[in-house]
Amino acid sequence: MYLNYFGLTEQPFSIAPNPDYLFLSDRHKEALAHLTHGLGDAGGFVLLTGEVGTGKTTVTRRMLDALTAQTQVAFILNPALSELELLASICDELGIKYKKLDENLKALTDKLKAHLLKNHKKDMTTMLVIDEAQHLSGAALEQLRLLTNLETNQRKLLQIILVGQPELQQLLKRNELRQLAQRITARYHLLPLTEAQVFAYIQHRLAIAGFNGQLFEQRAIKMIHQLTGGIPRLINLLCDRSLMGCVAHNQRMVSAKIVKQASTELLPLEDQVVESKVSTNFMYISAAVLMLAAGFALSYYT
């Protein structure tokens, strides 16, 4: 709707993951450095947590993109599995063949160990990445810990990266999981963007989409930061709606007034709150409601 109006080549604030729009803030770079350092150790667990939409997937993808062909990766996207289902999924991801009629924890563990040793003899690293890891059961996490017992005299045979929401940190504080927690070689909690980083984020995405210059007023960016809590996915949603508002009002720059109007369309029950001083509590309430709106928008267009 607004591409021709602003001379854009494509939609800059789509909530669909597009690697061409990858933006690594200082916090994302710091998270990447922590994970890379952790993976450089002799194995064990690496932990990345953060609120929904803060860019955990962005950091993970950049890390995986930097791996060489000497690393084989198993990526588990749906970890709400039993111990047996988890082991089977890992074997499937690594291309390990097994007889489904005979599958049990011992058989799959033996198959996996043989594969890890084979990779080790070829100087290959084997890595397991589990997204949404807060959904792992305590039993499944314990099974993962047992997998890190597979080792040589020099190093673990399997590196495990757990990516999840803050609930994952609480889960790992359970007394029965203390042995696993002690094997975490690096951990990082990804925080939302600051106001300055929101400005850089918006400019970056506009530049990729073909716009050179500043399209958002500073007061508009401040309001976007307040309403979204600095969460990139929510920033995309609000910026996209604000650009539509510019077209509707025949304006060439996004003002705070347009952002406010866009937020009332997304948050119809909160439209009067924007006029008051935005408190920290409201910032996160707004972010949560915006996230719901993002979910509805994504399900509508897919």
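All values derive from a computational prediction rather than experimental measurement. (Residues numbered from 1 in each chain as written. Predicted model: local features only at pLDDT ≥ 70, side-chain atom pairs only at ≥ 80, totals over all residues. Heavy atoms only, no water.)

1. Observations regarding the layout of surface pockets
Put simply, the largest pocket is a space of about 830 Å³. Looking at the largest pocket, it is lined by 33 residues, and the ones nearest its centre are P17, G55, T57, T58 and R233. Looking at the lining of the largest pocket, the elements that each hand over two or more residues are helix 3 (56-65), helix 9 (195-208), helix 11 (232-248) and helix 13 (280-301). Here the residues of the lining of the largest pocket sort into 13 nonpolar, 11 polar and nine charged. (1 Å grid on protein atoms, 1.4 Å probe; cavity = no way out; pocket = protein on both sides within 12 Å on 5 of 7 lines; lining within 4 Å. Points joined across faces, edges and corners; volume = space filled by probe spheres on them. Helix = DSSP H or I, 4+ residues; strand = E, 2+ residues; numbered from the N terminus. Nonpolar A, V, L, I, M, F, W, Y, C, P; charged D, E, K, R; others polar.)

2. A look at the sheet that holds strand 5 (residues 184-190)
Spatially, the five strands line up as an open sheet ordered 2-3-4-1-5, and their pairing is parallel. Two strands bound the open sheet, and with one partner strand each, they are strand 2 (71-76) and strand 5. Mean inter-strand twist for the sheet, computed between neighbouring axes without regard to direction, equals 15°. Bridge count between strand 1 (residues 44-50) and strand 4 (residues 159-164): six bridges; the pairing is parallel. Each bridged residue has a counterpart across the sheet, and for G44 the counterpart in strand 4 is Q159. Relative to the sheet, helix 4 (residues 83-93) contacts strand 2 and strand 3 (125-130), its axis offset from that of strand 2 by approximately 135°. Relative to the sheet, helix 6 (residues 138-147) contacts strand 1, strand 3 and strand 4, its axis offset from that of strand 4 by approximately 155°. (Pairing = 2+ DSSP bridges. Axes fitted to C-alpha atoms, helices over the stretch in contact; angles between N-to-C directions. Contact = heavy atoms within 4.5 Å.)

3. Points about the packing of aromatic side chains
Geometry of an aromatic ring pair is reported as the spacing of the ring centres plus the angle between the planes. For the structure on display, the rule yields four aromatic pairs. Between Y5 and F6, the ring centres sit 4.9 Å apart and the planes meet at 85°, which makes this aromatic pair edge-to-face. The pair formed by Y5 and F6 is uniform in burial state, with each residue classed as buried. When the ring of F13 is compared with that of F216, the centres are 6.1 Å apart and the planes differ by 80°; the resulting orientation is edge-to-face. Of this pair, F13 sits in the loop between helix 1 (3-6) and helix 2 (26-39) while F216 is found in the loop between helix 9 and helix 10 (218-228), placing the two residues 203 residues apart along the sequence. We classify F13 as buried; its relative accessible area is 1%. Taking the relative accessible area as the measure of exposure, F216 reaches 0% and is therefore buried. One Lys or Arg, R252, reaches over the ring of Y5 and ends 4.0 Å from the middle of that ring. (Phe/Tyr/Trp six-rings, centres within 6.5 Å; stacked < 30°, edge-to-face > 60°. Buried < 20%, exposed > 50% of the residue type's maximum accessible area, 1.4 Å probe, protein only. Lys NZ or Arg CZ within 6 Å of the ring centre and 35° of its normal.)

4. Quick word on the pairing of strand 3
Strand 3 sits mainly inside the fold: five of its six residues count as buried. Pairing of strand 2 with strand 3, which is carried by six bridges, proceeds in the parallel orientation. Paired with V73 across the bridge in strand 3 is M127. Examined bridge by bridge, strand 3 and strand 4 share four bridges and lie parallel to one another. Of the residues in strand 4, the one forming a bridge with I130 is L162. With respect to chirality, the unit in which strand 3 leads through helix 6 into the neighbouring parallel strand 4 is right-handed. (Right-handed = clockwise from strand over helix to strand, strands pointing away.)

5. Re the packing of helix 2 against helix 3
For any two helices packed against each other, the geometry is given by the interaxial angle and the distance between the axes. Two elements in contact, helix 2 and helix 3, have axes separated by 10 Å at closest approach and are oriented at 50°. Judged on the interaxial angle alone, helix 3 and helix 2 are oblique. As for the relative orientation of helix 2 and helix 3, their crossing is right-handed in sense. Counting all contacts with helix 2, which are made through H28, A31, L32, L35 and L39, the residues of helix 3 involved are V59, R62 and M63. For the contact of helix 2 with helix 3, the residue count by class is six nonpolar, one polar and one charged. (Parallel < 35°, antiparallel > 145°, perpendicular 65-115°, else oblique. Left-handed = near helix turned anticlockwise from the far one by under 90°.)

6. Focus: the pattern of salt bridges
According to the stated counting rule, one finds five salt bridges in the structure shown. Notably, a salt bridge pairs R145 with E142, separated by 2.6 Å at the nearest N-O pair. Note that R145 and E142 are positioned in helix 6 at a spacing of three residues, about one turn of the helix. With relative accessibility at 24%, the residue E142 sits in the partly exposed group. Here E195 ties to K222 by a salt bridge, and the two come within 3.8 Å at their closest N and O atoms. Separated by 27 residues along the polypeptide, E195 in helix 9 and K222 in helix 10 bring together distant segments of the chain. For E195, a relative accessible area of 26% translates into the label partly exposed. (Salt bridge = Lys/Arg side-chain N within 4 Å of Asp/Glu carboxyl O.)

7. What to know about the side chain of N236
Topologically, N236 is positioned in helix 11. We classify N236 as buried; its relative accessible area is 5%. There is a polar contact of 3.2 Å between the side chain of N236 and the backbone oxygen of S14. When residues no more than four places from it in sequence are discounted, the contact partners of N236 are F13, S14, I15, Y201 and R205. (Polar contact = N/O pair within 3.5 Å; in protein donor to acceptor, adjacent residues only side chain to side chain.)

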